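# Notes for the structure review
Below, each chain spelled out in residue letters.
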Amino acid sequence: MNQNLDTAQDPTAMTPGQGLARGVSRLLASLGWVTVEELVPTRGLRVDVMALGRKGEIWVVECKSSRADFMSDSKWQGYLEWCDRFFWAVDSDFPVELLPDDTGLIIADAYDAEIIRTGPETRLAPARRKAMVHTFATHAARRLQGLRDPGGRSTF
């Protein structure tokens, strides 16, 4: 069976970060948003979850499974220019006092999540928004094609 399908159906086969991303995606779907995981907005950056709202809003959620995971992330501020709002997603045991107060906060597990704090909104410029919506759509379409035809030529 395809490894992606194994992981999607069995939360014990996921890494802690993948579990957080799944819980975040479930929450956002319940709010009418669509998400993709592991999206590259530009060379050198890979966001854990990018979400697209009904009015074209773009959120980035960075999932941190431990203190060490957070402390080793030196690129997170580079994500800010690719979204309208930025959030951290952590589990209930994470020391949230480490996270910057001026960012969003989501507490999650592999099954669900809750928005605790919404960070400030910094609206993307129209040209950047158009490019990000295109990137989002392309990534989602390639991901779907890869699931439907794992032996095909689709690349991520």
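Everything numeric in this text was worked out from a predicted model, so none of it was measured.

### Side note on the environment of Glu114
- Assignment of secondary structure puts Glu114 in strand E6 (residues 113-117).
- Filtering out sequence-adjacent residues up to four positions away, Glu114 remains in contact with Leu27, Leu105, Ile106 and Ile107.

### Re the side chain of Arg129
- Mapped onto the elements, Arg129 comes out in helix H4 (residues 126-148).
- The class of Arg129 is buried, set by a relative accessible area of 13%.
- In terms of polar contacts, Arg129 uses its side chain to reach the side chain of Asp84, at 2.7 Å.
- Apart from residues no more than four positions distant in its own chain, Arg129 is found in contact with Gly56, Glu57, Ile58, Asp84, Arg123 and Leu124.

### Points about the pattern of salt bridges
- Tallied over the entire structure, the rule returns eight salt bridges.
- A salt bridge links Arg46 to Asp48, with the shortest nitrogen-to-oxygen separation between them at 3.1 Å.
- Classification of Asp48 as buried rests on a relative accessible area of 11%.
- The partner of Asp84 in a salt bridge is Arg123, and the shortest N-O contact between them spans 3.8 Å.

Definitions and limits used
- Residues numbered from 1 in each chain as written.
- Predicted model: local features only at pLDDT ≥ 70, side-chain atom pairs only at ≥ 80, totals over all residues.
- Heavy atoms only, no water.
- Helix = DSSP H or I, 4+ residues; strand = E, 2+ residues; numbered from the N terminus.
- Contact = heavy atoms within 4.5 Å.
- Buried < 20%, exposed > 50% of the residue type's maximum accessible area, 1.4 Å probe, protein only.
- Polar contact = N/O pair within 3.5 Å; in protein donor to acceptor, adjacent residues only side chain to side chain.
- Salt bridge = Lys/Arg side-chain N within 4 Å of Asp/Glu carboxyl O.

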